[in-house]
Amino acid sequence: MRKIDTTNWGDFRVGDLFDFERGKVKKLQILPEGPTPVVAAARSCQGVAGYYEADAPYCNQITISCNGVGCGSSFYHNYPFNVNGDAIVLKEKVEIPEKAKIFISCMLDGVLFRKYSYEEKCSPQKVSDEIIKLPITADNKPDWQHMERYMQQKEDGARNNISLLYNIVGKPRTKIDTTTWKRFHLYDDTLFTIDSGTKLDKVKMTDNNPSINFVGRANANNGVTDFIDEIEGLTPYEAGNLTISLGGEYLGSCFIQEKPFYTSQNVNVLIPKHIMSDHCKRFISIMVFKEGRLRYKAFIDELNRHMRTDFSVLLPVTSTGTPDWDYMEQYMESIERKTQTILSFLTI
């Protein structure tokens with residue numbers, strides 16, 4: 001992806017552009033289901049925690065989640081909605097075009113989600129004092145037209161790519177027969193050593209001379225939420241190991257780490273007990289994620305107490321009942337080839 005040149009952009013204090021209002025909806029678990037989307041401490045589904053019987057006092061505004069693993073997540077909503085106490089609504093002080101608000105929400109998300117976390121929550125006052133970069137006019141004011149044009153180009157490109165994808169992959173998929181597959185615990189001799197991770201708090205890390213990835217309970221960017229300094233006396237985990245999120249909104253998220261890394265709280269490290277190709281690791285990581293989402297529930301029955309006991313995944317097996325590494329390798333290679341073919345048709 002081409003990097004945007006921001007050298008001629010201006011710095012703007014968020015509080016000079018917006019006022020803030022904390023959400024007032026409480027106790028979502030006792031509200032009946034209804035038509036109104038309610039934004040809370042979430043990162044998926046634009047922060048919408050669910051649909052409830054509630055009024056919808058907001059529309060065409062930006063929200064910021066201020067709690068949970070989605071802390072700092074920023075979204076623009078072009079539909080009527082409400083907000084609970086774990087999020088805030090931004091009310092512009094001057095009229096801002098819709099696509100410019102989408103642009104700003106992306107800039108806010110890039111700053112806030114990286115900086116804040118479950119341990120270091122953001123608040124209206126903290127957000128108000130944050131500085132974001134925006135394109136500017138000749139008189140050093142925000143260039144709303146530039147932002148609108150940029151977002152329109154992105155929307156047009158996305159629509160074109162989606163159309164191409166529908167034409168390429170809009171065909172019935174062949175279901176995989178798993179009747180002969182076998183369940184394995186992740187700690188079995190053929191698979192992994194389960195390590196508890198470094199259990200660090202992102203807010204306590206420094207990034208003066210960053211060289212180490214920081215893996216949290218996230219499902220984007222391979223779970224990497226920051227790039228930090230190496231800690232003296234604490235050896236990072238090696239690239240090639242897998243990480244798995246034990247709880248939170250992205251419970252079960254499992255990734256191969258491409259660079260040396262540390263982990264946050266509630267992230268385990270899976271260290272292969274024998275040489276294992278990336279294709280096989282990726283196959284297993286997908287099965288781990290599927291199992292985690294299917295059988296466990298965030299904040300209610302998470303993976304912490306199951307990882308070293310009864311958590312298991314289905315894998316293809318050979319005639320001797322051992323994991324069929326050749327099958328996993330060939331299957332993931334075929335998926336990779338299909339994906340490369342699809343991507344070759346897309347415009348970037």
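Our structure's up above, just so we're on the same page.
**Things to note about the pairing of strand β12 (residues 212–215)**
- Judged by which residues are buried, β12 turns out to be covered on both faces: Ile-212 and Phe-214 on one side and Asn-213 and Val-215 on the other are all buried.
- For β12 and strand β13 (residues 224–228), the ladder comprises four bridges, and the chain directions are antiparallel. Paired with Val-215 across the bridge in β13 is Val-224.
- One ladder, built from three bridges, connects β12 with strand β16 (residues 261–263); its direction is parallel. Each residue of the ladder has a partner; that of Val-215, found in β16, is Thr-263.

**Some thoughts on the sheet that holds β12**
- In space, the three strands of this open sheet follow the order β13-β12-β16, with mixed pairing throughout. Two strands bound the open sheet, and with one partner strand each, they are β13 and β16. Neighbour to neighbour, the strand axes of the sheet diverge by 30° on average, direction disregarded.

**Remarks on the sheet that holds strand β14 (residues 242–245)**
- The strand order across the open sheet formed by four strands is β11-β17-β14-β15, and the pairing between neighbours is antiparallel. Edge strands, defined here as strands with exactly one partner in the open sheet, are β11 (192–195) and β15 (254–256). The sheet shows a mean angle of 25° between the axes of neighbouring strands, taken without regard to direction.
- Here four bridges tie β14 to strand β17 (residues 267–272), and the two strands are oriented antiparallel to one another. Pairing of Leu-242 across the sheet is with Leu-270, part of β17.

**What about helix α2 (residues 98–115)?**
- Here α2 spans 26 Å end to end across 18 residues, near enough to the 26 Å set by a 1.5 Å rise per residue.
- Of all bends in α2, the biggest is about 25°, found at Asp-109.
- Along α2, the residues classified as buried are Lys-99, Ala-100, Lys-101, Ile-102, Phe-103, Ile-104, Ser-105, Leu-108, Asp-109, Leu-112 and Phe-113.

**Description of helix α5 (residues 278–295)**
- Taking 1.5 Å of rise per residue, 18 residues should cover 26 Å, and α5 covers 26 Å from first to last C-alpha, within 8% of that figure.
- Taken together, the buried positions of α5 are occupied by His-279, Cys-280, Lys-281, Phe-283, Ile-284, Ser-285, Met-287, Val-288, Glu-291 and Gly-292.

About the thresholds
- Residues numbered from 1 in each chain as written.
- Predicted model: local features only at pLDDT ≥ 70, side-chain atom pairs only at ≥ 80, totals over all residues.
- Heavy atoms only, no water.
- Buried < 20%, exposed > 50% of the residue type's maximum accessible area, 1.4 Å probe, protein only.
- Helix = DSSP H or I, 4+ residues; strand = E, 2+ residues; numbered from the N terminus.
- Pairing = 2+ DSSP bridges.
- Axes fitted to C-alpha atoms, helices over the stretch in contact; angles between N-to-C directions.
- Expected span 1.5 Å × (residues − 1).
- Bend = angle between axes of the 7 residues up to and from the residue.

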